[in-house]
Amino acid sequence: MPRSGASGLRIKSPDLLIAESGADLQGHGLRRSMGLFQLICFGVGAIVGTGIFVGLSDTVAQAGPAVVVSFVLAAVTCIFTAFAFAELGGAIPVSGSSYSYAYATLGERAAFLVGWCLLLEYGVSVSAVAVGWGQYLNQLLGSLTGWQLPAALANPPGAGGVVNLPAVLVVLLAAVLLVRGVRESARATAAMAVLKLLVLVLFCVIGFGAFRSGNLSPFAPEGLAGITSGASVAFFSYIGFDSITTAGEEARNPRRDVPVAIMVCIAVVTVLYCLVALAAIGALSAGQVAGRPAALSLIVDRVTHSGIGGTVIAFGAVVAIASVVLAVMYGQTRILMSMARDGLVPGVFARVSPRTATPVANTWIVAGVFALPAAVVPLDMVMNLSSAGTLVAMAAVNVSVLILRRNRPDLPRRFRVPLYPLSPLLGIAFCGYLVYGTGPATWLQLAVFLVVGVVGYELYGRRHSRLSAGAGGDGTPGSGTGAAQEGQQGQEGAESLRGGAAGAAPATAPEGRSAGAPAVTAAAAPAAPEA
């Protein structure tokens, strides 16, 4: 049952979050169709893309050959936070990710702001990633056909263009696939994830074949400050692993599979990124790599003295970046769906199509909104701000682990953060350290962004909150039907969790759909993975 207090401090219990998951307000449900392999591929699909294929050159420009250390520092930040996501993703298997965890621990206003930062992380990432897609698409077209899109149509303003049409195209294509169904999207993401991993392994083989140790000297020309700045830029390369938790309502066994998928993804991606960075700098000096678009293709062309290798890398990048757009847009729509079910954003984002079991209107709105900045905003203008917003949300997840351990020690947890409470505290510290590394200009942008979020909550979220409808405008517990129903849902959600842990037979929804509708009779469905 929601706790009393000021309106912005209302807390939604984990039991109620689970009880209300899986369906929109009309009872149209999502389908549980993703297994462990699909979740791992989904995570890799969401992570590996523009950050390594395009952003590597920007990281090298900051850190020099010490780019490998920058990637490790960014990875350490992700690992500590990944522990927190793994624990909460298994304990609260819903689509809201960091937003839902904050709602269960920090209160409604903080949850809205975390959701606001997630809009920045996922939405702006889609736009930024799509911008990089056009660079590699043009290189691929040039290699295969000798023809390229005019610079005016392949780059945004400020980068030699007028409008980036390829960026708009990849966003719209991802939307088409997403509205068809999560199973189709998961299959496409898995195929693309395997392909781009093979391409990066091929790059490492070629790069290490031309490795020259002299390219690593001087190792850190800008010192620790350069490494820190490089880590803040490199962190963009890891954005997306938390999107695995947004599949909590569409995974067949979320309590087990979500934590495993998160840890496997972080391990694979970290090792791969460090190898790619080391191979790149070893094959070509930092000065030749820094600031160069499509750097990996350039390196392969220089090493092999042929355009064939660069063509293969460009093809892998086109596939990789497209898969990131697909996976990140998926996460964005599911977070908006969770916020809409709570009344904090308009209800249109919560509507699920009974035919495809996907939030169709939500998906097309997201595609339309973020295709515009993808067409006209340069990549470097949004990378640091997106990283800073993501770090704020990740810090909140670490705080949520600390609070939920204290307030709900009884909550079933398939995975527990190791070295508790040191691990989440280090996660908070590393997030703060990387935010510091983004620089004063980004701090100011982030502050303005958060202020706009506070205004948005006060003008819309606080007034339309479903908890407010059940608890009263001042946040005190209400005695009406809304409050009673929420209390009953929370109780049934808790019983569902206990029943699942004990091995009770779960209730199932027709046609493989997740049955957690707002109706209290459907609250048992989220326990299915525990059976």
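Parameters and conventions
Residues numbered from 1 in each chain as written. Predicted model: local features only at pLDDT ≥ 70, side-chain atom pairs only at ≥ 80, totals over all residues. Heavy atoms only, no water. Core = buried A, V, L, I, M, F, W, Y, C linked by side-chain atoms within 4.5 Å. Buried < 20%, exposed > 50% of the residue type's maximum accessible area, 1.4 Å probe, protein only. Helix = DSSP H or I, 4+ residues; strand = E, 2+ residues; numbered from the N terminus. Polar contact = N/O pair within 3.5 Å; in protein donor to acceptor, adjacent residues only side chain to side chain. Contact = heavy atoms within 4.5 Å. Axes fitted to C-alpha atoms, helices over the stretch in contact; angles between N-to-C directions. Parallel < 35°, antiparallel > 145°, perpendicular 65-115°, else oblique. Left-handed = near helix turned anticlockwise from the far one by under 90°.

Caption draft 1: Up close: the nonpolar core. Counting 144 residues, the largest nonpolar core has Phe53, Phe71, Ile92 and Met329 as its most contacted members. Per-element tally for this core: the top contributor is helix 15 (residues 307-341), with 19 residues. Leu120, Val124, Leu385 and Leu446 belong to the second largest nonpolar core, which has 6 residues in total.

Caption draft 2: Region of interest: unusual backbone geometry. The linkage connecting Ser217 with the following residue, Pro218, adopts the cis geometry, with an omega of -5°. Note that Pro218 resides in the loop between helix 10 (182-209) and helix 11 (223-234). For the bond running from Tyr420 to Pro421, omega is 0°, close enough to zero to count as cis. With a phi close to 55°, Ser97 is a non-glycine residue in the positive phi region. Relative to the assigned elements, Ser97 resides in the loop between helix 5 (67-91) and helix 6 (98-105). Its relative accessible area of 0% is what places Ser97 among the buried residues. Look at Ala357: it is not a glycine, yet its phi comes out positive at around 55°. Tracing the backbone through its elements, the reader meets Ala357 in the loop between helix 15 and helix 16 (360-376).

Caption draft 3: A look at the side chain of Thr228. Topologically, Thr228 is positioned in helix 11. With a relative accessible area of 6%, Thr228 lands in the buried category. Polar contacts involving the side chain of Thr228 include one to the side chain of Tyr433, which spans 2.7 Å. If sequence neighbours within four positions are ignored, Thr228 has contacts with Tyr433 and Gly437.

Caption draft 4: Expanded view of the environment of Ala61. With respect to the element layout, Ala61 can be found in helix 4 (residues 56-63). Using a relative accessible area of 48% as the deciding quantity, one classes Ala61 as partly exposed. The contact partners of Ala61, leaving out residues within four places of it in the chain, are Ala290 and Gly291.

Caption draft 5: Molecular detail of the packing of helix 4 against helix 11. Packing of helix 4 against helix 11 brings their axes to within 7 Å, and their N-to-C directions diverge by 165°. Comparing the axis directions of helix 4 and helix 11 gives the class roughly antiparallel. In this structure, helix 4 meets helix 11 at a crossing whose hand is right-handed. Only Gly226, Ile227, Ser229, Gly230, Val233 and Ala234 of helix 11 make contact with helix 4, whose side of the interface consists of Asp58, Thr59, Gln62 and Ala63.

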